[in-house]
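Below are the chains, spelled out letter by letter.
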Amino acid sequence: MITLNHVTKRFGSGLVALGGVSMSAAQGEFVTILGPSGCGKSTVLKLVAGLVMPTEGTVVSPAQTDQTGRSTAYVFQEPTLLPWATVFDNVWLPLRLQGQSRPEAQPVIARVLEQVGLGEFHHSYPAQLSGGMKMRVSIARALVSQPKVLLMDEPFAALDDITRQRLNVDLLTWWHGQSMSAIFVTHNVAEAVFLSQRVLVMGARPGKVVAEVQIEQAYPRDVSFRQTPAFIHHCQTLSAALNEASGVGMRPR
Amino acid sequence: MKLGNIFLPTAVCVALLLGWELFVWWAQVPAYTLPAPSAVIESLVANWSSLAGSWWFTVKITLSALGLACLGGVLIASVFALSPSTERALFPLAVVLQVTPIVAVAPLMLIYIESTMAALLLCAWIVAFFPILSNTVIGLRSIDKNLLDLFRLYRATPWQRLALLRAPSALPYFLAGVKISGGLSLIGAVTAEMVAGAAGRDTGLASRILEASFRTETPKMFAALLLLVATGVMVFLILNFLSRKLLVQQPSLE
């Protein structure tokens, strides 16, 4: 469904962000890209979203051929909400841009907001919400158009650990409910193992995939998964790969 | 808190006026040197018919200049935001207009433009439009890059991008510019009129001040000045009120 074939991305400044990346994600698969800062993880997401074009190689993704803007949703590291719009209006945005009126969109938005636990916050403004709640709005906005592909660029990096873990569990529930492919970018090893079916480790300068680990654990997963030997083993394997990719020993974050 | 906000400045004003009145009375200062506040009010009432007409003329110039500055500022800012090469070509011109003292330009305007009213309006506009232009350009430029990406991803049309993203993002910057321009358009109108020095019925408060100064009618000068100050304060308060009303939708930006 999503394929990157020997993709190189060189920016105008001469910076080579990606140097021959090949990867794929099947329909309904949850893939995480794990890597140190500056390895081009976000560039991969932007290529899949069609927001940047490859310098060399080919990218195949639903966003490339989609004229309606419904196929792909993007969740940024920051909630990236319209500060002047209410929670309802923020979630309405993708549908509104596709021509749906407020009454038409109302039932879907109400359902999605209920799903993300913000059923009582339709009329709140982003400034009135906590960081975790803003991120829930951002995810609700991504889910509301029922995309085929969900791209997430370190969405929980700025949140405290408790909120992050709770959102990890919730995210799996929301993703599992809709048969969409998810590509999740993070540099948190435990988060990568908990969420994904497959983890790709990227190395930097230029960015490329240096390791791939399958996480066999079936869904639904809950917090007890974090205590299992398999989880700890995957974390150790990925930490070692990440350290090798970073080219240093234990790098403090 | 609110009571303090109103009470404190009012108390200071009343104390200053009272001190002024008492000083004039105590030092026996003649009215042509420094009229007491009571004499100013007396003159305002006595000359109301001529002052009111002139006041309305100045208000018309001020508000028209502000309206045109909003329109011109936003239109030019939109063109600049959409086309950086146009901005590079024209922005220096806007800066030249802004930094040239209007007192120096006004006589030329009065030569080239036949209608005095139009010349006054143009002078006031030149002074007023720059803050709106530069603020709106900054507002249109300071849009979150991720939001722009999001709108691209959702295949938003240029019109949707303008209406749902660029305009609301630029609104607080535009309103801050309008608040500055409100006062400037009054200053521009009065300065141009001072230079024009026009006499007759269809002229503004600046003409009344000049007229009164030739006749050493100092209380009338103060009365006209009082009307100008009141107009400036009213313009500021109205724009402040409108700005709050419009930004109430944006609690984070209020």
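Bear in mind that the values here come from a model prediction, so they are computed numbers and not experimental data.

**Student:** Help me understand the nonpolar core in this model?
**Tutor:** A general tendency of soluble globular proteins is for nonpolar side chains to be buried together. Residues and elements named next belong to chain A. In terms of nonpolar packing, the biggest core is built from 85 residues, with Val48, Val91, Ala140 and Leu151 touching the most fellow members. Split by domain, the residues of this core number at least three in each of domain 1 (1-71 + 149-158 + 168-248) and domain 2 (79-146). Ignoring any residue separated from it by four or fewer positions in sequence, one finds Leu151 in contact with Leu45, Val48, Ala49, Thr72, Ala73, Tyr74 and Ile183.

**Student:** What is the right way to look at helix H4 (residues 102-115) of chain A in this model?
**Tutor:** Residues separated by three or four positions in an α-helix point in the same direction, a consequence of the helix having 3.6 residues per turn. All names here are of chain A. The terminal C-alpha atoms of H4, which comprises 14 residues, lie 19 Å apart, in line with the 20 Å expected from a rise of 1.5 Å per residue. At Val108, H4 shows its largest bend, some 30°. Along H4, the residues classified as buried are Ala105, Ile109, Val112 and Leu113. Looking at the buried residues of H4, the elements they touch are helix H3 (87-97) and helix H5 (131-144). After H4 finishes, the residue Gly117 shows a positive phi value of roughly 80°.

**Student:** Just to check I follow, could you spell out H5 of chain A for this structure?
**Tutor:** Residue and element names in this part refer to chain A. Between its first and last C-alpha atoms H5 spans 20 Å; for 14 residues at 1.5 Å apiece the expected length is 20 Å, and the two agree. Summarising burial for H5: 11 of the 14 residues are buried, a large majority. All buried positions along H5 are accounted for by Lys134, Met135, Arg136, Val137, Ser138, Ile139, Ala140, Arg141, Ala142, Leu143 and Val144.

**Student:** What am I meant to see in the interface of chain B and chain A here?
**Tutor:** Interfaces are often sized by the amount of accessible area the parts lose when they come together. Each partner contributes to the interface: chain B provides 17 residues, whereas chain A provides 18 residues. Of all the elements in the fold, those that place two or more residues in the side of chain B that touches chain A are helix H7 (145-153) and helix H8 (158-196) of chain B. Counting residues per element, the side of chain B that touches chain A draws most heavily on H7 of chain B, which supplies six residues. Looking at side-chain class alone, the side of chain B that touches chain A contains eight nonpolar, five polar and four charged residues.

**Student:** Any chance you could explain the domain arrangement of chain A here in plain terms?
**Tutor:** Residue and element names in this part refer to chain A. By domain assignment, chain A separates into domain 1 (1-71 + 149-158 + 168-248) and domain 2 (79-146). Placing a centre on the C-alpha atoms of domain 1 and another on those of domain 2 gives a separation of 25 Å. Counting residues at the interface gives nine residues for domain 1 and 10 residues for domain 2. By residue class, the composition of the side of domain 1 that touches domain 2 is five nonpolar, three polar and one charged.

**Student:** I'm lost on unusual backbone geometry in this one. Help?
**Tutor:** Excluding glycine, a negative phi dihedral is what most residues carry, and trans is how most peptide bonds are arranged. Looking along the chain, the bond that leaves Tyr219 of chain A and enters Pro220 of chain A is cis, with omega of -5°. Tracing the backbone shows Pro220 of chain A in the loop between strand E9 (208-214) and helix H8 (229-246). Even without being glycine, Gln28 of chain B reaches a positive phi, approximately 55°. Here Gln28 of chain B lies in the loop between helix H1 (2-27) and helix H2 (37-46). Gln28 of chain B sits in the exposed class, given 6 other C-beta atoms within 10 Å. Positive phi values are uncommon outside glycine, yet Arg155 of chain B reaches one of about 55°.

**Student:** Please explain the pairing of strand E1 (residues 2-10) of chain A as it appears in this structure.
**Tutor:** Successive residues of a regular strand alternate their side chains across the two faces of the sheet. Residue and element names in this part refer to chain A. The pairing of E1 with strand E2 (residues 16-25) spans seven bridges and is antiparallel. Looking at E2, one finds that Leu4 is bridged to Met23. Between E1 and E2, which pair antiparallel and follow one another directly, the connecting turn spans five residues, one of which, Gly14, has a positive phi of 95°. As paired strands, E1 and strand E4 (residues 56-60) are joined by four bridges and run antiparallel to one another. Bridge assignment links Leu4 to a residue of E4, and that residue is Val59.

Basis of the calculations
- The written sequence of each chain sets the order in which its residues are numbered from 1.
- Lettering for chains starts from A, numbering for ligands starts from 1, and both go in the order in which the items are written.
- Thresholds applied to this predicted model are a pLDDT of at least 70 for local features of residues and 80 or more for the giving and counting of side-chain atom pairs; totals over whole chains, interfaces and linings are not thresholded and use all residues.
- Only buried residues count toward a nonpolar core: Ala, Val, Leu, Ile, Met, Phe, Trp, Tyr and Cys, linked into one set through C-beta atoms within 7 Å.
- Any residue whose C-beta has 12 or fewer other C-beta atoms within 10 Å is treated as exposed, any with 20 or more as buried, and any in between as partly exposed, C-beta atoms being built from the backbone.
- As annotated, the domain borders come from an automatic or database domain assignment.
- The contact rule is simple: place each C-beta atom from the backbone, and if two of them lie within 7 Å, those residues are in contact.
- Under the scheme used here, helices are H or I runs from DSSP no shorter than 4 residues and strands are E runs no shorter than 2 residues, and both carry numbers assigned from the N terminus.
- One less than the residue count of a helix, multiplied by 1.5 Å, gives the span that helix is expected to have.
- We define the bend at each residue as the angle formed by axes fitted to the 7 residues ending at it and the 7 residues starting at it.
- Here the nonpolar group is Ala, Val, Leu, Ile, Met, Phe, Trp, Tyr, Cys and Pro; Asp, Glu, Lys and Arg are the charged ones; every other residue, Gly included, is treated as polar.
- Strand pairing is assigned whenever DSSP identifies at least 2 bridges connecting the two strands.

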